[in-house]
Amino acid sequence: MSHKKIILFLLVLIFFAASYSHAVYKPEYKLSVVVGPTGPWGEAAAKFASIVKEKSGGKINIKPYYNGQLFSGKQTNEVLLLKLGVADLALGSTINWSTTIKELNLFSLPFMFSNYRELDAVLDGKVGKQLASIMEQKGVIALAWGENGFRELTNSRKKIVSPSDLDGLKIRVVGSPIFIDIFKSLGANPASINWSEALTALQQGTVDGQENPINSVIIPYKLWQMQNNILIWHYAIDPIIFGISKAIWNSFSKKDQEIILNAAKETAVWQKAQARKGLDKSTESLDILRKNGMDVVVLSGKERQAFKEKTKSVYEKWRKEIGASLVDEVEKEIKGATKK
Ligand code: X2X
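Caption draft 1: Highlighting the overall build of the protein chain. What the protein chain contains, in helices and strands, is 15 helices and nine strands. Radius of gyration (C-alpha) of the protein chain: 22 Å, near the 20 Å computed for a compact globule of 340 residues. In terms of overall dimensions, the protein chain has a C-alpha envelope of 90 × 40 × 35 Å along the principal axes. For the protein chain, buried positions account for 53% of its 340 residues. Counting only contacts in the protein chain whose residues sit at least 6 apart along the sequence, the fraction spanning at least 24 positions is 75%. Carbon together with sulfur atoms contributes 55% to the accessible area of the protein chain, which is approximately 15600 Å² in total. A distance of 5 Å separates the average location of the 46 positive side-chain charges in the protein chain from that of its 34 negative side-chain charges.

Pasting the structure below:
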């Protein structure tokens, strides 16, 4: 072979190698999920994976790792898993990511959101986009917003109607400092415990109570087996982010990115609807709790106001931590949504 031919041959080889490497898929893309496979959150992980698999003709294989299997240590480290490549994707709660991305604490500002309309206005508006761009700077692409739900308080000791009823109650919270502040301001005794250890703590009575959304956590985990009181107080909302590591995202072709993005959006719509079912236009989910022996207290506007006032200093402290201008923007969007 002449030199020219050899060079041409090598160039052709390089060309094929390059285009082949573009099409190399990992045998498995790991998706981190903090909860188990049952309930809207866990089921969304399987649904998302199956849509992506089908639409990519079996090439993109996402595998959910439930119950925080990929965490070695705290659940609040989930974003770091994406950065380190331990996980490629996550269906993550804003709470678990808020220690790394401080702006995400805004959903935990006590008694800020009262209903889904306000939440949708914020997530679908300017703030939702701003948060996505902050996450991208931290190495995560937010594909869609899902929902864990409004977080309600359960306990095994007593009926709670006013802040003083919380006095001295030991409450399991996520290891995110804003929750410690909130429960301390209410006179309770908060303990940071990973979700994976929370059930044992509740069973053994190491803690008296916990707070979590009804459809995504309280019902699938049958918390009535250890908790007989629930307070519907909507004190914090907990969106879920369909997130993918930026490095992994960039490894996909435009066509594959589209498949993944559309699957996330489609699943998020379904997942949100499941998270709100029986809590929004009807009370079916509350009936499930009652049928299983729980005493359900739904706060009136006035009763809720008492809790709001008690936690005001926490709100003001965290307004500064999160960024006052961002919180102002959220307050503005909430006001706009209320007027509509
Ligand atoms: O740990 C919790 O309470 C849970 C499952 O709701 C979150 O991951 C934030």
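Structure shown, so let's carry the discussion forward.
Caption draft 2: Broad picture of the site of the ligand. Contacts to the ligand come from 13 residues, most closely from Gln75, Asn96, Arg151, Arg172 and Asn212. Here Arg151 contributes a side-chain N or O atom positioned 2.8 Å from an oxygen atom of the ligand. In this structure, an oxygen atom belonging to the ligand sits 2.7 Å away from a side-chain N or O atom of Arg172. Protein chains bury 100% of the 270 Å² of accessible surface belonging to the ligand in isolation. In a pocket analysis with a 2 Å cut-off to the grid points, the ligand is assigned to the largest cavity. When its residues are assigned to classes, the shell around the ligand shows five nonpolar, five polar and three charged.

Caption draft 3: Molecular detail of the environment of Leu286. Its location among the elements puts Leu286 in helix H12 (residues 284-291). Take Leu286: its relative accessible area is 9%, and that puts it in the buried class. Sequence spacing of Leu286 and Gly187 is 99 residues, and the spatial spacing of their C-alpha atoms is 27 Å. The contacts of Leu286, once residues within four sequence positions are left out, are Ile214, Ile232, Gly278, Leu279, Val296 and Val298.

Caption draft 4: Fine view of helix H15 (residues 324-339). Between the first and last C-alpha of H15 there are 23 Å, a value that for 16 residues agrees with the 22 Å anticipated at 1.5 Å per step. Along H15, the residues that are buried comprise Leu326, Val327, Glu329, Val330, Glu333, Ile334 and Ala337. Along H15, the residues classed as buried sweep out an arc of 155° about the axis, all on the same side. What points out from H15, more than 90 degrees from its buried face, is the exposed set Ser325, Lys332, Lys335 and Lys339. For H15, the secondary structure elements touched by its buried residues are helix H5 (116-124), helix H6 (126-137) and helix H14 (312-322).

Caption draft 5: Looking closely at empty space enclosed by the protein. One pass over the structure, following the stated rule, counts one cavity of 30 Å³ or more. Counted as a void, the largest cavity has a volume near 100 Å³. Along the wall of the largest cavity there are 15 residues; nearest its centre are Val34, Trp41, Gln75, Arg151 and Asn212. For the lining of the largest cavity, the elements supplying multiple residues, two or more each, are helix H4 (94-97) and strand E4 (140-155). When grouped by side-chain class, the residues that make up the lining of the largest cavity number seven nonpolar, five polar and three charged.

Caption draft 6: Structural view of the domain arrangement of the protein chain. Taken as a whole, the protein chain is organised into domain 1 (26-149 + 238-276) and domain 2 (152-236 + 293-339). When each unit is reduced to the centre of its C-alpha atoms, the spacing between domain 1 and domain 2 is 23 Å. Each partner contributes to the interface: domain 1 provides 43 residues, whereas domain 2 provides 40 residues. Between domain 1 and domain 2 the total buried area reaches about 3500 Å² when both faces are included, carbon and sulfur atoms providing 63% of it. For the domain 1 face of the interface with domain 2, the top three residues by lost area are Leu109, Pro110 and Phe111, together amounting to 23%. At the surface where domain 1 touches domain 2, the tally comes to one salt bridge. Salt-bridge contacts for Lys126 lead to Glu329; the nearest nitrogen and oxygen are separated by 3.8 Å. Counting across the interface, domain 1 meets domain 2 through 12 residue pairs in polar contact (both at pLDDT 80 or more). Grouping the amino acids of the side of domain 1 that touches domain 2 by side-chain chemistry returns 16 nonpolar, 18 polar and nine charged.

What counts and what doesn't
Residues numbered from 1 in each chain as written. Predicted model: local features only at pLDDT ≥ 70, side-chain atom pairs only at ≥ 80, totals over all residues. Heavy atoms only, no water. Helix = DSSP H or I, 4+ residues; strand = E, 2+ residues; numbered from the N terminus. Rg over C-alpha atoms; globule rule 2.2 N^0.38 Å. Buried < 20%, exposed > 50% of the residue type's maximum accessible area, 1.4 Å probe, protein only. Contact = heavy atoms within 4.5 Å. Areas by Shrake-Rupley, 256 points an atom, 1.4 Å probe, with all protein chains shown as cover. Lys, Arg positive; Asp, Glu negative; His and termini not counted. Charge placed at Lys NZ, Arg CZ, Asp CG, Glu CD. Near = heavy atom within 4 Å. Polar contact = N/O pair within 3.5 Å; in protein donor to acceptor, adjacent residues only side chain to side chain. 1 Å grid on protein atoms, 1.4 Å probe; cavity = no way out; pocket = protein on both sides within 12 Å on 5 of 7 lines; lining within 4 Å. Sits in = over half its atoms within 2 Å of the grid points. Nonpolar A, V, L, I, M, F, W, Y, C, P; charged D, E, K, R; others polar. Expected span 1.5 Å × (residues − 1). Arc of directions from axis to C-beta. Points joined across faces, edges and corners; volume = space filled by probe spheres on them. Domains from an automatic or database assignment. Buried area = accessible area lost by both parts, 1.4 Å probe. Salt bridge = Lys/Arg side-chain N within 4 Å of Asp/Glu carboxyl O.

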